[in-house]
Amino acid sequence: MKDITSIYTNLFSPKSALVFYEAQGTKGEVYVEHFDMDKNGIPINAHPLTTREANRLAKSLITVREKDEPFLKMEGILSNNVLHVDPKKGEALWFTKAMRRELFFTEKLGIANGLANVPPMLWKATRQQLYVFGLRSNRRPTQTTKLYNAPFFNVYENGNVCMGNVDIAIKKSSSLNVFTSAWEQNFFNSYFSHLMQNYNPIEGNCVLLWDSLVNTHLPFPMDVLKRSTTTLNQLL
């Protein structure tokens, strides 16, 4: 017989063990004892479970659970607004049609909060970062579709969104539907506050633009959109 165990890449050996003791009676108090394992797999060095060991165990269980969760998996039929998904990189690319959204502005801008029509948009996101761009058509974008700078405050010229103090809490277990919806809510539910690095995203005055659109039913004026130097191919 030939020992072939060395060729297996996932060969596990016991390193430690936990024994849970429960007191008899109505209180049901629990005591946890931790054992190290010797080279023969026999438990040794019994001692109470320390806080450090408990934290390591909790972190390990969370990591295993997250690996098993379907991050960026689509629930049901793939939506027509999704353009590209890469679960390994943890990123997605999608678009939204022109719509009416509630917008929030800091007091110093002098723009009232309220509903306004926003243009079609292209979105790219990971769990930590969001990029947004403007579109001039509600048609599904292709690789040759021209992109425009997103006509909003708090957005850099490359499309990266400064989320400020907004708490980004997108779980590694998020499905694609939850992921895209969460980013759209994070973007529109945060307060627009300032232009980034003296960069003006539109042709004209950004403050006057939104002041004229909020709480009206005026369509978004597409002619104010500036052409972006970023192409859709570069985002794939």
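The notes below deal with the structure included here. All values derive from a computational prediction rather than experimental measurement. (Residues numbered from 1 in each chain as written. Predicted model: local features only at pLDDT ≥ 70, side-chain atom pairs only at ≥ 80, totals over all residues. Heavy atoms only, no water.)

Helix and strand counts for the chain come out as four helices and 11 strands. Scored against the burial criterion, the 236 residues of the chain give a buried share of 36%. In the chain, 59% of the contacts between residues at least 6 apart in sequence involve partners at least 24 apart. Accessible area of the chain: about 15,100 Å², with a carbon and sulfur share of 51%. (Helix = DSSP H or I, 4+ residues; strand = E, 2+ residues; numbered from the N terminus. Buried < 20%, exposed > 50% of the residue type's maximum accessible area, 1.4 Å probe, protein only. Contact = heavy atoms within 4.5 Å. Areas by Shrake-Rupley, 256 points an atom, 1.4 Å probe, with all protein chains shown as cover.)

Once that is clear, we can look at the sheet that holds strand β11 (residues 191-192). The strand order across the open sheet formed by three strands is β7-β6-β11, and the pairing between neighbours is mixed. In the strand order of this sheet, the two ends are held by β7 (114-118) and β11, each with one partner. As paired elements, strand β6 (residues 99-105) and β11 share two bridges and run parallel to each other. Along β11, the bridge assignment pairs F105 with F192. Packed onto the sheet, helix α2 (residues 176-189) meets β6, β7 and β11 and runs at close to 50° relative to β6. Here helix α3 (residues 206-213) sits on the sheet in contact with β6 and β7, set at roughly 110° to β7. (Pairing = 2+ DSSP bridges. Axes fitted to C-alpha atoms, helices over the stretch in contact; angles between N-to-C directions.)

Before going further, it helps to examine the nonpolar core. Counting 37 residues, the largest nonpolar core has F105, V132, F152, F187 and W210 as its most contacted members. Secondary-structure elements contributing two or more residues to this core are β5 (91-96), β6, β7, β8 (121-125), β9 (130-134), α2 and α3. Not counting residues within four places of it along the chain, the set of residues in contact with F152 comprises V118, P119, M121, F187, F188, F192, P201 and W210. (Core = buried A, V, L, I, M, F, W, Y, C linked by side-chain atoms within 4.5 Å.)

This part is about the sheet that holds strand β1 (residues 16-22). Read across the open sheet, the three strands follow the order β1-β2-β3; overall the sheet is antiparallel. For this open sheet the edge positions go to β1 and β3 (43-48), each flanked by a neighbour on one side alone. Strand-to-strand twist across the sheet, computed as the mean angle between neighbouring axes with direction ignored, equals 25°. Looking at chain direction, strand β2 (residues 30-37) and β3 are connected through four bridges and run antiparallel. Bridge assignment links E33 to a residue of β3, and that residue is P48.

What follows concerns unusual backbone geometry. Across residues other than glycine, the phi torsion is negative in most instances, and most of the peptide bonds are trans. Even without being glycine, N45 reaches a positive phi, approximately 55°. Within the fold, N45 resides in strand β3. Residues other than glycine seldom take positive phi values, yet N215 does so here, at roughly 65°. As for its position among the elements, N215 is in the loop between α3 and α4 (232-235).

We now examine α2. Relative to the 20 Å expected for 14 residues at 1.5 Å per residue, α2 spans 20 Å between its end C-alpha atoms, a close match to the ideal helical length. Within α2, burial applies to L176, F179, T180, W183, E184, N186, F187 and F188. (Expected span 1.5 Å × (residues − 1).)

On to α3, then. Each α-helix turn comprises 3.6 residues. Residues three or four places apart therefore point the same way. Among the residues of α3, those classed as buried are C206, L209, W210 and L213. Buried residues of α3, seen end-on, are gathered within an arc of 85° and therefore sit on one face of the element. Each element contacted by the buried residues of α3 is listed here: β6 and β7. Measuring from the side-chain oxygen of the N-cap residue of α3 to the backbone nitrogen of V207 gives 2.9 Å; that N-cap residue is N205. (Arc of directions from axis to C-beta. Polar contact = N/O pair within 3.5 Å; in protein donor to acceptor, adjacent residues only side chain to side chain.)

It is worth spelling out the pairing of strand β4 (residues 82-86) at this point. Both β4 and β5 contribute to a ladder of four bridges, which runs antiparallel. Within β5, the position partnered with H84 by the bridge is L93.

Consecutive side chains of a regular strand alternate in pointing toward one face of the sheet and then the other. Here five bridges tie β6 to β7, and the two strands are oriented antiparallel to one another. Residue pairing across strands places R101 opposite A116, the latter belonging to β7.

On the surface, L18, F20 and V30 cluster together to form a nonpolar patch covering roughly 300 Å² of accessible area. Tracing the backbone through its elements, the reader meets F20 in strand β1. Overall, the relative accessible area of 57% leaves F20 in the exposed class. (Patch = residues over 30% accessible without salt bridge, like charges linked within 9 Å, V, L, I, M, F, W, Y side chains within 5 Å. Salt bridge = Lys/Arg side-chain N within 4 Å of Asp/Glu carboxyl O.)

Purely spatial values, then, with no claim about function.
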